[in-house]
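One-letter residues, chain by chain:
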Amino acid sequence: MRALTIDHSASGHLALGEVPEPQPAAHQALVRVHSFSLNHGEAAHAIPGGEAGTVPGWDAAGVVLRAAADGSGPAAGTPVVTLGANGAWAELRAVDTDWIGAVPEGTDLGAVSALPVAAGSALRGLRRLGPILGRRVLVTGAGGGVGRFAVQLAARGGAHVIAATSDPSKADVLRALGADEVVTGPEGLASIEPVHGVIELVGGSELVAAYDTLAPHGTLVAMGHASGAGEHFEFGTLFGNEGRHNRTIATYFLLDDAAGIGTDLSWLASLVARGELDPQVGWRGDWSRAAEATEALIARRVRGKAVLDVS
Ligand SMILES: NC(=O)c1ccc[n+]([C@@H]2O[C@H](COP(=O)([O-])OP(=O)(O)OC[C@H]3O[C@@H](n4cnc5c(N)ncnc54)[C@H](OP(=O)(O)O)[C@@H]3O)[C@@H](O)[C@H]2O)c1
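Residues numbered from 1 in each chain as written. Predicted model: local features only at pLDDT ≥ 70, side-chain atom pairs only at ≥ 80, totals over all residues. Heavy atoms only, no water.

Considerations on the overall build of the protein chain
Helix and strand counts for the protein chain stand at 9 helices and 15 strands. A compact globule built from 311 residues would reach a C-alpha radius of gyration of about 19 Å, and the protein chain, at 20 Å, matches this within 12%. A burial count over the protein chain gives 53% of its 311 residues as buried. Look at the contacts in the protein chain between residues 6 or more apart in sequence, and 69% of them connect residues 24 or more apart. Distance between charge centroids for the protein chain: 4 Å, based on 22 positive and 33 negative side chains. (Helix = DSSP H or I, 4+ residues; strand = E, 2+ residues; numbered from the N terminus. Rg over C-alpha atoms; globule rule 2.2 N^0.38 Å. Buried < 20%, exposed > 50% of the residue type's maximum accessible area, 1.4 Å probe, protein only. Contact = heavy atoms within 4.5 Å. Lys, Arg positive; Asp, Glu negative; His and termini not counted. Charge placed at Lys NZ, Arg CZ, Asp CG, Glu CD.)

Let's talk about the packing of aromatic side chains
Applying the stated criterion to the full structure yields 3 aromatic pairs. Taking 5.2 Å as the distance between ring centres and 85° as the angle between the ring planes, the aromatic pair formed by Phe235 and Phe239 counts as edge-to-face. For Arg247, the ring lying beneath its charged end belongs to Tyr211, and the centroid distance is 4.4 Å. (Phe/Tyr/Trp six-rings, centres within 6.5 Å; stacked < 30°, edge-to-face > 60°. Lys NZ or Arg CZ within 6 Å of the ring centre and 35° of its normal.)

Description of the site of the ligand
Around the ligand, the structure places 24 residues, and the nearest of them are Thr165, Ser166, Lys170, Tyr252 and Leu254. Interatomic distance of 2.8 Å between a backbone N/O atom of His225 and an oxygen atom of the ligand. With respect to the ligand, the backbone of Ala226 contributes an N or O atom lying 3.2 Å from a nitrogen atom. Here the ligand, which alone exposes 900 Å², has 87% of that area covered by the protein. At the level of elements, α1 (40–46), α3 (116–127) and α4 (145–156) are the ones that each hand at least two residues to the shell around the ligand. Of the residues in the shell around the ligand, the class split is 10 nonpolar, 12 polar and 2 charged. Both of domain 1 (2–117 + 259–309) and domain 2 (129–251) provide at least three residues apiece to the shell around the ligand. (Near = heavy atom within 4 Å. Polar contact = N/O pair within 3.5 Å; in protein donor to acceptor, adjacent residues only side chain to side chain. Areas by Shrake-Rupley, 256 points an atom, 1.4 Å probe, with all protein chains shown as cover. Nonpolar A, V, L, I, M, F, W, Y, C, P; charged D, E, K, R; others polar. Domains from an automatic or database assignment.)

As for unusual backbone geometry
Its identity is not glycine, yet His13 carries a phi of approximately 65°, on the positive side. We classify His13 as partly exposed; its relative accessible area is 27%. Residue Arg300 is not a glycine yet carries a positive backbone phi of 60°. Take Arg300: it is sitting in the loop between α9 (290–298) and β15 (305–309). For Arg300, a relative accessible area of 66% puts it in the exposed group.

So, the nonpolar core
The biggest cluster of nonpolar side chains holds 55 residues, and the ones touching the most others in it are Leu83, Val112, Leu115, Val139, Val151 and Ile199. Each of domain 1 (2–117 + 259–309) and domain 2 (129–251) accounts for three or more of the residues forming this core. If sequence neighbours within four positions are ignored, Val112 has contacts with Ala61, Val81, Val103, Thr107, Ala269 and Val272. Judged by nonpolar contacts, the second largest core, of 20 residues, contains Phe36, Trp89, Ala290 and Leu297. (Core = buried A, V, L, I, M, F, W, Y, C linked by side-chain atoms within 4.5 Å.)

Things to note about the domain arrangement of the protein chain
Taken domain by domain, the protein chain consists of domain 1 (2–117 + 259–309) and domain 2 (129–251). Placing a centre on the C-alpha atoms of domain 1 and another on those of domain 2 gives a separation of 28 Å. The partner domain 2 presents 14 residues to the 16 residues of domain 1 that form the contact. Taken over both partners, the interface formed by domain 1 and domain 2 buries close to 1,100 Å², and the fraction arising from carbon and sulfur atoms is 55%. The largest share of the area that domain 1 buries against domain 2 comes from Leu277, Gln280 and Arg303, three residues that together contribute 41% of it. At the junction of domain 1 and domain 2, the tally comes to 2 salt bridges. Here Asp167 and Arg303 are joined by a salt bridge, their closest N and O atoms 3.7 Å apart. Applying the counting criterion to the domain 1 and domain 2 interface returns 5 residue pairs in polar contact (both at pLDDT 80 or more). Per-element accounting of the side of domain 1 that touches domain 2 gives the leading share, 3 residues, to helix α8 (residues 261–273). (Buried area = accessible area lost by both parts, 1.4 Å probe. Salt bridge = Lys/Arg side-chain N within 4 Å of Asp/Glu carboxyl O.)

Below is the structure:
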């Protein structure tokens, strides 16, 4: 079969060529991949630092070619959206059935391929905040792939959503996705009323400033580190007095904590099918353009998700 493999001598560390077909384990279905999406962590870390010759890729959507031998998961012919630690960027992918979501017939498989890591982690990060109905939730890095899902899902969960972006030109789209307030820069974060929860995607000084917005008993979920910067908390920031007691910083990483994600992916795909969740695909092209797409994502020229179609 054809696949993109990691090749550190090639442009973007990626080469398109022939590799052996995957051999599914008993609990895995074999999926014919239609489309896959790119994630910041792949473009910035997993591909440049990956093992040469391996097939990368976390997110893919396609159709089940052969159901799992143990009888779990969807039947052959079912449109699906899939998550895995690798192997998505190929014509065929073997996937654990627990990490497969069913997709309603007729849904654009390119659109749902944007879901697994970005929407899956946004959903699970929001769950870490507990009930958000009627509560204030801040999303940082809101204009990125994960952030746009987090804004939509937090609004759907009944939160008053504050979107923090470094780019004021994204304010209108963030409001259209459900943000009640849009703020920019450190002054913007410093100006907001206390929040119950934070989905933090940028790291560095943004995380420190976002932590400062937490109300007592509030939780910040440190999910992303797009800035590449470390965090420095000034003396006193972590004091629990003056109405700032019991604030929590939690971490979450989807690929290490994805049990049952197939059920979540089925639900997310049903929202896309009904037009109730917008994957915000900002770049789409043939998979031969994978290096171009990863470069555009890292250079912050993709507004939302980048999707590649397997021709
Ligand atoms: N924990 C998990 O399971 C998990 C899952 C998925 C992603 N992540 C991580 O979450 C972060 C966001 O992922 P993503 O897929 O949304 O990435 P993305 O699409 O590239 O978006 C990143 C966003 O972060 C903001 N940003 C602010 N300062 C930045 C800087 N110096 N460099 C780059 N971006 C900056 C930008 O938002 P504005 O334009 O709005 O300012 C940008 O759009 C990444 O660190 C990624 O690795 C973690």
